[in-house]
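Coordinate analysis (summary)
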Amino acid sequence: MTTNATSPGRPRPERRQPGQDWTSWPTYDSAVLGFRDHWYPVLWSEQVGRKPVAVTLLGENIALVREGEEIHALHDRCPHRGVPLSLGRRQFPGTVSCPYHGWTYDLKDGNLCGVLTDGPESPIAGRVKVRTYPVKQRFGLIWVYVGDAEDPHPLEDDLPEELRDNRFVIGGRTEVRKGNWRFAAENGFDEGHAKYLHNTALWRLFKVMPAWNKTRIVERGDWLVRVQDEVHWEADMPGLGKWTNKRWWKRMPLPDAPGKAQNINPVIKSLDLPGFVSIRMPGILRVAYPHFIHYEWYVPVDTDHVRYVQLMVRFETGARAGLFKLKYLTAIRWLFHGQFTAQDAWMVDVMNAPPEKLYRPDLSLTAWRRKVEQSEPKVQPYER
Amino acid sequence: MTTNATSPGRPRPERRQPGQDWTSWPTYDSAVLGFRDHWYPVLWSEQVGRKPVAVTLLGENIALVREGEEIHALHDRCPHRGVPLSLGRRQFPGTVSCPYHGWTYDLKDGNLCGVLTDGPESPIAGRVKVRTYPVKQRFGLIWVYVGDAEDPHPLEDDLPEELRDNRFVIGGRTEVRKGNWRFAAENGFDEGHAKYLHNTALWRLFKVMPAWNKTRIVERGDWLVRVQDEVHWEADMPGLGKWTNKRWWKRMPLPDAPGKAQNINPVIKSLDLPGFVSIRMPGILRVAYPHFIHYEWYVPVDTDHVRYVQLMVRFETGARAGLFKLKYLTAIRWLFHGQFTAQDAWMVDVMNAPPEKLYRPDLSLTAWRRKVEQSEPKVQPYER
Amino acid sequence: MTTNATSPGRPRPERRQPGQDWTSWPTYDSAVLGFRDHWYPVLWSEQVGRKPVAVTLLGENIALVREGEEIHALHDRCPHRGVPLSLGRRQFPGTVSCPYHGWTYDLKDGNLCGVLTDGPESPIAGRVKVRTYPVKQRFGLIWVYVGDAEDPHPLEDDLPEELRDNRFVIGGRTEVRKGNWRFAAENGFDEGHAKYLHNTALWRLFKVMPAWNKTRIVERGDWLVRVQDEVHWEADMPGLGKWTNKRWWKRMPLPDAPGKAQNINPVIKSLDLPGFVSIRMPGILRVAYPHFIHYEWYVPVDTDHVRYVQLMVRFETGARAGLFKLKYLTAIRWLFHGQFTAQDAWMVDVMNAPPEKLYRPDLSLTAWRRKVEQSEPKVQPYER
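Residues numbered from 1 in each chain as written. Chains lettered and ligands numbered in written order. Predicted model: local features only at pLDDT ≥ 70, side-chain atom pairs only at ≥ 80, totals over all residues. Heavy atoms only, no water.

An unreviewed UniProt entry annotates chain A as Rieske 2Fe-2S domain-containing protein originating from Actinomadura nitritigenes.

Below is the structure:
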């Protein structure tokens, strides 16, 4: 948009036509703020120091506070007068004090364990609590559980199975981006856009992609997997001309699934995946290359923001892992986790649906929405 | 306003008294976004190159795309997932492709003529359309028709008659300004403000204006014309003192209408105008000087913005036109089309009506509103 | 909050629990924009010159205009088309003219005394009025009365009694701050926060404060006074540790009320105050030290802004007053009226109540709310 040609005013609402909205997926349609009863990655552990840090997760304001090796998560609001605890002071070990009147909370259970300005016998001490959230640290990330279970299920249940008992993670990024989390998740599992949107990405100098595919979605446990039945490297578009994604300096790979690839890493081979890309609740994407896997978490922040967490994993240790780490830091991190997925962020920001009109490759979206619907998840309430 | 003295908070709504609102003109009152079924000038042709340009017109988002000499206008939203087509790529001649999945639209009719990521036999190709808008180029400007007619009336019907078959335009400006289009149109035809608001304008070093007038509004075909029955160059205001707009270095002109002026350009003379200033639907102002005419179009953008298009026309060719063009570029453009009308833009931005309390010279406003009302125009719908 | 960890989205509304809201004080609860029929300080006289100045007071937009020694206050809206009169010109003595059409108003009574663009016999002149507001100047400040009384009560009735007939004011500040005026007033009279929030203020290098108190609120005429029954300079907080506000370089003062202090200024002594801090309608705080008094006015601007007016008074003249003035300008002004109360401004901005959970020291808040309720004030209307 150019300065001259545009204006900031309020646009007229789009008129929705029947069959173009999300009423076929009512649970999904209402999940503006995502799903409760799950573990979500939020920040790198090193991003939370002695000073509390404010985050928003599924629309809930949360203060993250470090105490030694432990990270604690509290509802970010002092019940006294509504001041954010993330602005608080670390007056006594194991506690955080509201900056206003020194209401002091135990980091472990949110108990009001002392009120500095009301003396040692304050009658209200011990009678007020702020909500706390279960926290784990894994792969250098802080994971927070938003849900109602007294005793939440293990973090492992919300991790891809191949990550459950290892420490293979090489690197990653976490950042808040514009747009609802569902657009980000759909973008991740969406087949079609990679072939067009990303054909200007630098990453595509190294990774070729087909011009178009025929695709099927299959279910594998918790996951939906995108299977490529046909791969076309170029197409003669009637009335338009030739459309190609070929690169003369690259060999076109065979349309094999990673499960059938040669020289594949044994951990990835053991997954026996029928396709490269898979997705699962509550919004985790897995892109399996023969030697490494790229993961994305689409963590709901609020209605218009998503926390986008990317992880890169090579299931090896030692020199090979070290070399890959170097490759990650010098290239993959800014080419793929940076410039490539910034194109996705751009689309997730500007898109506006429903209404929508779906096409053949969108069977990945509808399969994902249907799978969400069938899993009967607990929607985070949201008052419009 | 000074920083110290003001604050950004929400003001209390003004209480409206009966007789001070716009209920006497219900059509006009509802025409927040203007009138359909008209041609509107939007940008200079040279402002649209190969890259699409986004504009908003009557609240509708439109992508302007150049193909050779032709300019095309499409609804600026890909029906697939709601990405603006103005962000699209020019992949194949005569088309624009949505940047997300390569949905490719024929610029002429908005037909989805190919879907790059769905192959040559995409079943959806040919079955989706984006709305297109009729476009013309005239006087170096791009004109867009917003309406429902299959076959819209000629652009000529929406032009002042003296401009229909010529190319005399000398120069102009087009820009988006703050404020609703109706305030801008009323400001243009409003008699009173020129005498006070503009008496600090540099343009007034050259053009004198009366202190006050007695005025009548007469109808001439599509136009309303402001006729000056009495012209007063100064006034003794009781209890206040002398109020004058005289300039000692200028002769006061006679209160003649342009139709009676000496040395008048024959085209302007033939209009036989009873007054200098006239207005017509859908919001066109004509200020006729003896040797040139200044026009303004008040093009609705959204509820709070108006596209303000100014044209300066001298009905001559050759050396005289060349000299005037020089005068326009060196003086008129910044003195009149710039600083002078910037004072109008200021008022259109800060005014806030209804409620309002009209005075004698406001018969120009009420005549205009009544004329709009009588012409029974098709109001662009707007949901508050 | 750090850039990475936060996002600007809309937070979920807090769920209110019974007994945590303001329904016990319905008048107070509705007084978002404060109370009518009072005099409010607004700006320093010297801040209003020949050019009109716009202010907002209790949600009303007001233009302040100087004419010689007099300051006049008019509703900041020309009834003609809604242009702010604060943008107007000073065309004739004793008047202000709307910049748009020269509607000219008498500063004394708001009468439309001339319409420049409608000639000397304009039929509307004398038939339109803009609302005016009574204005006084006192202590170098402009005071504006917002109310419905034909003949308002004297400014003196809205001043602390000790200020009624003197000119002892030394200095002060006036500025618009974020947050509703009630949060600012409550913060002023609130006992607890001074001991914790301000224990990092530079001012506290000179003024010691207890760690916690036992407090009583007593009524003295128009005022509520906070009385310290017990003063504790430090506390052993069970399970936490020692909490102290002692300063080794300062002697702890006795918990005496200013009325009993030695060497007290005779004017302050005569007030016979049982405590340092008192508050009264419509939102005036008095902090009495033995030799000077600090006052705060919490003047409602709009729902989210408060005009915070601080005055420092030493009830003396001559050399002593001169020395104190020097001390004020070099230290008190930025230490106390600046950095110290900026901590308050921070809290008033970030706090968000109800819901709230009150503790023992909050009896100052409830006493104040009850007193407001009992005084049956006239609430400034506000449409949510």
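1. What about the overall build of chain A?
When you go through chain A residue by residue, the secondary structure sums to 6 helices and 19 strands. For 384 residues, the compact-globule estimate of 2.2 N^0.38 gives 21 Å, and chain A sits close to it at 23 Å. C-alpha extents for chain A along the principal axes are approximately 80 × 60 × 45 Å. A buried classification covers 60% of the 384 residues belonging to chain A. (Helix = DSSP H or I, 4+ residues; strand = E, 2+ residues; numbered from the N terminus. Rg over C-alpha atoms; globule rule 2.2 N^0.38 Å. Buried < 20%, exposed > 50% of the residue type's maximum accessible area, 1.4 Å probe, protein only.)

2. Quick word on the sheet that holds strand β4 (residues 70–75) of chain B
Residues and elements named next belong to chain B. The 4 strands lie next to each other as β2-β3-β4-β8, forming an open sheet whose pairing is antiparallel. For this open sheet the edge positions go to β2 (53–57) and β8 (132–133), each flanked by a neighbour on one side alone. Pairing between strand β3 (residues 60–67) and β4: 6 bridges, direction antiparallel. Across the sheet, the residue bridging to Val65 is His72, located in β4. (Pairing = 2+ DSSP bridges.)

3. Notes on the relation of the copies chain A and chain B
The transform that puts chain A on chain B rotates by 120 degrees and translates by 0.1 Å along the axis, for an RMSD of 0.1 Å. Expressed as an axis order, the relation between the two copies is that of a three-fold axis. (Least-squares fit on C-alpha atoms with pLDDT ≥ 70 in both.)

4. A few points about the domain arrangement of chain A
A common measure of how large an interface is: the accessible area buried when the components associate. All names here are of chain A. Entries for chain A in the domain assignment read domain 1 (38–146) and domain 2 (160–374). Relative to domain 2, the C-alpha centre of domain 1 lies at a distance of 36 Å. On the side of domain 2, 18 residues touch domain 1, which itself brings 16 residues to the contact. Regarding the contact of domain 1 and domain 2, the summed buried area is about 1400 Å², with carbon and sulfur atoms giving 67% of it. Interface area lost by domain 1 to domain 2 is led by Trp44, Arg138 and Phe139, which between them contribute 37%. Counting across the interface, domain 1 meets domain 2 through 0 salt bridges. Joining domain 1 to domain 2, the criterion identifies 6 residue pairs in polar contact (both at pLDDT 80 or more). If you tally residues by element for the side of domain 1 that touches domain 2, the top one is strand β1 (residues 38–44), at 6 residues. Looking at side-chain class alone, the side of domain 1 that touches domain 2 contains 11 nonpolar, 4 polar and 1 charged residues. (Domains from an automatic or database assignment. Contact = heavy atoms within 4.5 Å. Buried area = accessible area lost by both parts, 1.4 Å probe. Salt bridge = Lys/Arg side-chain N within 4 Å of Asp/Glu carboxyl O. Polar contact = N/O pair within 3.5 Å; in protein donor to acceptor, adjacent residues only side chain to side chain. Nonpolar A, V, L, I, M, F, W, Y, C, P; charged D, E, K, R; others polar.)

5. Points about unusual backbone geometry
Among all residues save glycine, negative phi is the norm, and among peptide bonds the norm is trans. A cis amide bond, omega 5 degrees, links Pro354 of chain A with the succeeding residue Pro355 of chain A. When you line up the elements, Pro355 of chain A lands in the loop between α5 (318–350) and α6 (363–374). A cis amide bond links Ala353 of chain C to the next residue, Pro354 of chain C, at an omega of -15 degrees. Tracing the sequence through the fold places Pro354 of chain C in the loop between α5 (318–350) and α6 (363–374). Positive phi, normally seen in glycine, also occurs at Leu58 of chain A, with a value near 50 degrees. Residue placement: Leu58 of chain A occurs in the loop between β2 (53–57) and β3 (60–67).

6. A look at helix α6 (residues 363–374) of chain B
Residue and element names in this part refer to chain B. Between its terminal C-alpha atoms α6 stretches 16 Å, which fits the 16 Å expected from 12 residues at 1.5 Å a residue. For α6, the tally of buried residues reaches 9 of 12 residues, placing the bulk of the element in the interior. Within α6 the residues assigned to the buried category are Ser364, Leu365, Thr366, Ala367, Trp368, Arg369, Lys371, Val372 and Glu373. Phi turns positive, to about 45 degrees, at Glu376, one or two residues after α6. (Expected span 1.5 Å × (residues − 1).)

7. Here's the deal with the packing of helix α2 (residues 181–189) of chain A against α6 of chain A
Residues and elements named next belong to chain A. Remark: α2 packs on α6, axes separated minimally by 9 Å, with the N-to-C direction vectors making an angle of 125 degrees. By the angle between their axes, α2 is oblique relative to α6. As α2 packs across α6, the resulting crossing turns out to be right-handed. Facing α2, whose interface residues are Trp181, Ala185, Glu186 and Phe189, α6 presents Ser364, Leu365, Trp368 and Arg369. Considering only residue class, the contact of α2 with α6 consists of 5 nonpolar, 1 polar and 2 charged. (Axes fitted to C-alpha atoms, helices over the stretch in contact; angles between N-to-C directions. Parallel < 35°, antiparallel > 145°, perpendicular 65-115°, else oblique. Left-handed = near helix turned anticlockwise from the far one by under 90°.)

8. Let's talk about the pattern of salt bridges
Residue and element names in this part refer to chain A. Scanning the entire structure with this criterion turns up 70 salt bridges over all chains. With a closest N to O distance of 2.9 Å, Glu186 and Arg369 form a salt bridge. Of this pair, Glu186 sits in helix α2 while Arg369 is found in helix α6, placing the two residues 183 residues apart along the sequence. One salt-bridge network, in which partners are shared between bridges, spans Arg36, Glu60, Arg131, Asp148 and Lys378.

9. A short note on the interface of chain A and chain B
Contact with chain A, which involves 53 residues of that partner, is made by 57 residues of chain B. Summed over both sides, the interface between chain A and chain B buries roughly 4300 Å², with carbon and sulfur atoms accounting for 57% of that surface. Taken together, the connections running from chain A to chain B amount to 3 salt bridges. We note a salt bridge from Arg81 of chain B to Glu356 of chain A, for which the minimum N-O separation is 3.3 Å. Viewed at the interface, chain B and chain A are joined by 18 residue pairs in polar contact (both at pLDDT 80 or more). It is helix α3 (residues 192–196) of chain A that contributes the most residues to the side of chain A that touches chain B, 4 residues altogether. The class makeup of the residues in the side of chain A that touches chain B is 27 nonpolar, 12 polar and 14 charged.

10. Looking at a nonpolar patch on the surface
All names here are of chain A. Residues Leu202, Leu205, Phe206, Trp248, Trp249 and Trp334 make up a contiguous nonpolar surface patch of roughly 730 Å² in combined accessible area. Within the secondary structure, Leu202 is located in the loop between α3 and β12 (212–220). On the basis of relative accessible area, Leu202 is assigned to the partly exposed category, the value being 35%. (Patch = residues over 30% accessible without salt bridge, like charges linked within 9 Å, V, L, I, M, F, W, Y side chains within 5 Å. Areas by Shrake-Rupley, 256 points an atom, 1.4 Å probe, with all protein chains shown as cover.)

11. Here we look at the sheet that holds strand β6 (residues 103–106) of chain C
Residues and elements named next belong to chain C. Taken together, the 3 strands give an open sheet; going across it, the order is β5-β6-β7, and neighbouring strands pair in antiparallel fashion. The sheet terminates laterally at β5 (95–97) and β7 (112–115), the two strands that pair on one side only. Pairwise comparison of adjacent strand axes, ignoring direction, gives a mean angle of 25 degrees for this sheet. When β6 meets β7, the two strands line up antiparallel, connected through 3 bridges. The residue of β7 that forms the bridge with Trp103 is Val115.

12. Considering the packing of aromatic side chains
Both the distance between ring centres and the angle between the ring planes are used here to describe each pair of aromatic rings. By the definition in use, this model includes 46 aromatic pairs over all chains. Taken together, a centroid distance of 5.7 Å and an interplanar angle of 80 degrees make the contact between Phe35 of chain A and Trp181 of chain A edge-to-face. Of the two residues, Phe35 of chain A sits in the loop between α1 (26–30) and β1 while Trp181 of chain A sits in helix α2, which places them 146 residues apart along the sequence. Across the pair, exposure class does not vary: Phe35 of chain A and Trp181 of chain A are buried alike. Centroid distance Phe292 of chain B to Phe324 of chain B: 5.1 Å. Interplanar angle 35 degrees. Geometry classified as tilted. Separated by 32 residues along the polypeptide, Phe292 of chain B in the loop between β17 (284–288) and β18 (293–302) and Phe324 of chain B in helix α5 (residues 318–350) bring together distant segments of the chain. Judged by relative accessible area, Phe292 of chain B falls into the buried class, the value being 7%. (Phe/Tyr/Trp six-rings, centres within 6.5 Å; stacked < 30°, edge-to-face > 60°.)

13. A short note on the environment of Leu326 of chain C
Within the fold, Leu326 of chain C resides in helix α5. Placed 13 residues apart in sequence, Leu326 of chain C and Val313 of chain C show a C-alpha to C-alpha distance of 13 Å.

14. Some points on the interface of chain B and chain C
With 53 residues of chain B in contact, the opposing surface of chain C contributes 56 residues. Interface area for chain B against chain C, summed over the two sides, is near 4300 Å², with a carbon-plus-sulfur share of 56%. Of the charged contacts in the structure, one is a salt bridge between Arg81 of chain C and Glu186 of chain B, with a shortest N-O distance of 2.6 Å. If you list the elements that add at least two residues to the side of chain B that touches chain C, you get α2 (181–189), α3 (192–196), β14 (234–237), β15 (241–244), α5 and α6 of chain B.

15. A short note on the UniProt feature "domain: Rieske" (unreviewed entry) in chain A
Per the UniProt entry, the sites bearing "domain: Rieske" (unreviewed entry) are residues 39–144 of chain A in this numbering. The straight-line gap between the two end C-alpha atoms of residues 39–144 of chain A is 5 Å; of that span, 0% is helix and 43% is strand. (UniProt positions renumbered as here; feature names shortened; annotations may be inferred.)

16. As for the state of the cysteines
Applying the stated rule across the entire model yields 0 disulfides over all chains. The thiol of Cys98 of chain A is unpaired, and the distance to the nearest cysteine sulfur, on Cys78 of chain A, comes to 4.0 Å. Among the cysteines around Cys113 of chain C, which has no disulfide bond, Cys78 of chain C carries the closest sulfur, lying 12 Å off. Residue classification places Cys113 of chain C among the partly exposed residues on the basis of a relative accessible area of 27%. (Disulfide = S-S within 2.5 Å.)

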